[in-house]
Each structure stands twice: as structure tokens, then as C-alpha cells.
Amino acid sequence: QTLSANKPLAFTRIPKQSNTKQINDYLIDLNCMIGEGSFSKVTSPPTSKQEAFAYADEKVAIKVVEMATLRTDTLIKLLQAEIDLLKVIKHPNVLNCYEVPPAAITAHSYLVCDGGDLETRIQKRGALGEKEFHKVVWEAYQGLKYISGLNIIHRDFKIANIFSHNGVAKLADFGFAQRLKHS
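Heads up: these notes are all about the structure in this document. What you see is a predicted model; the values in this text were computed from it and never measured.

Some details on the layout of surface pockets
Remark: the empty space left among the atoms is shown by a probe the size of a water molecule rolled over them.
And then number 1: Within this model, the second largest pocket holds a volume of roughly 240 Å³.
And then number 2: For the second largest pocket, the lining is made up of 16 residues, of which L118, R121, E132, V136 and S164 are closest to its centre.
And then number 3: Examining the composition of the lining of the second largest pocket, we find that four residues originate from one element, helix α3 (residues 130–149), more than from any other.
And then number 4: The residue inventory of the lining of the second largest pocket, partitioned by class, reads six nonpolar, four polar and six charged.

A few points about the sheet that holds strand β11 (residues 168–171)
And then number 1: Ordered by their spatial adjacency, three strands build an open sheet running β8-β10-β11, and the pairing between neighbours is antiparallel. Since the sheet does not close on itself, it has two edges, and those belong to β8 (116–117) and β11, each with one partner.
And then number 2: Summarising the sheet, strand β10 (residues 162–165) and β11 pair through four bridges and their orientation is antiparallel. Residue pairing in the sheet places S164 in a bridge with A169 of β11.
And then number 3: In this fold α3 packs onto β10 and β11, with an angle of close to 40° to the strand it touches most, β11.

So, the nonpolar core
And then number 1: One finds I89, I147, I152 and F174 to be the most contacted residues of the largest nonpolar core, which totals 15 residues.
And then number 2: Sequence-distant contacts of I152, that is, excluding residues within four places in its chain, are made with L85, I89, I147, A177, Q178 and R179.
And then number 3: L118, L128, V136 and A140 belong to the second largest nonpolar core, which has six residues in total.

What counts and how
- Residues numbered from 1 in each chain as written.
- Predicted model: local features only at pLDDT ≥ 70, side-chain atom pairs only at ≥ 80, totals over all residues.
- Heavy atoms only, no water.
- 1 Å grid on protein atoms, 1.4 Å probe; cavity = no way out; pocket = protein on both sides within 12 Å on 5 of 7 lines; lining within 4 Å.
- Points joined across faces, edges and corners; volume = space filled by probe spheres on them.
- Helix = DSSP H or I, 4+ residues; strand = E, 2+ residues; numbered from the N terminus.
- Nonpolar A, V, L, I, M, F, W, Y, C, P; charged D, E, K, R; others polar.
- Pairing = 2+ DSSP bridges.
- Contact = heavy atoms within 4.5 Å.
- Axes fitted to C-alpha atoms, helices over the stretch in contact; angles between N-to-C directions.
- Core = buried A, V, L, I, M, F, W, Y, C linked by side-chain atoms within 4.5 Å.
- Buried < 20%, exposed > 50% of the residue type's maximum accessible area, 1.4 Å probe, protein only.

As C-alpha cells, then:
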């Protein structure tokens, strides 16, 4: 079974523990943080099959945006713009967002990438080989070309925003992206 943007996510509940946070219908295990940005944290699902967030055969991570950190109207507008863009961007070389919980812009649900981000991969294992480098560049280019066709500019393209999932490079983090108006 493959993921579909038209199907709702099927999340299983995590039993309430001392370090969990409820966001709409989801309980987030704060002990499973896998990343952090200026305004958000990314949690990884627990590894237990009984407790794992799952949709079909894929696992997802949750990007938790703490609204209290968004102290200006500009930052709130950037978050809303990111959410609006993620709803229309669907491409094999772009990290997909499968759901934004209704009624509150406090979290995003993202596909967990088994290869992590390119910056961390290079720090841990060193430079890419020539063949792998060409593949990553080509796939990142395909993602950029796709969003360009939608009149979207990324504005934060860097190796930390290129992820890998099943060996496929995926462009991520649309927090500073902007959709250009037609002229």
C-alpha cells in the first residue's frame, strides 16, 4: 500500500507517559526528539510496533512548532505560508507533508527519512562519492525544478535541507519558501 495525500493518516495512540505532549488527537513522545530548529522540534516515533505512528508501511515524524516562539506576525505568516505550500507540493524529490492537524497550526506530520539529512550524513561518514554526489544533485535539482514550475522559490536551499528516504534525495524545510504571484 502506498501513501496517498487523499487518505487520512492512521495514527495509533501512544500510552500517556510523563514526557508526552498532546497536540490535537496525537500524543507526542518528547523523549524521541530527532531534530530541532529555531522555532520547532522534530520527534521520531517510538520503535515499538504497538506504539509506532504508522501510515501504511511508512513511519512519520512530527514537526512540533511551539507557537510561543513565533513572537511576530511575520513569523506566524511564514508558518502559515509553509503550511499552504506543503498542501500543494507533491513530488518524489520533495519531502511530503501528509497532514496538518485542523484547528491549530502547532504541528506538521512528515515522512521520516531513513537516510537523514545530507549535512549530518557528510559529517558522520565524509564526502559523497562521485556517483552518489551526481545522483543527489540530480534529484535535488528535480525537486527544485518541480517547485519552480509551481512558482515557488525555496530561499533556504542547503545540504541540511536535503534528506534521503530509501536512497532518494528529497528537498525539505519550506519555512522561508515563497510562492511568486503571476505577472
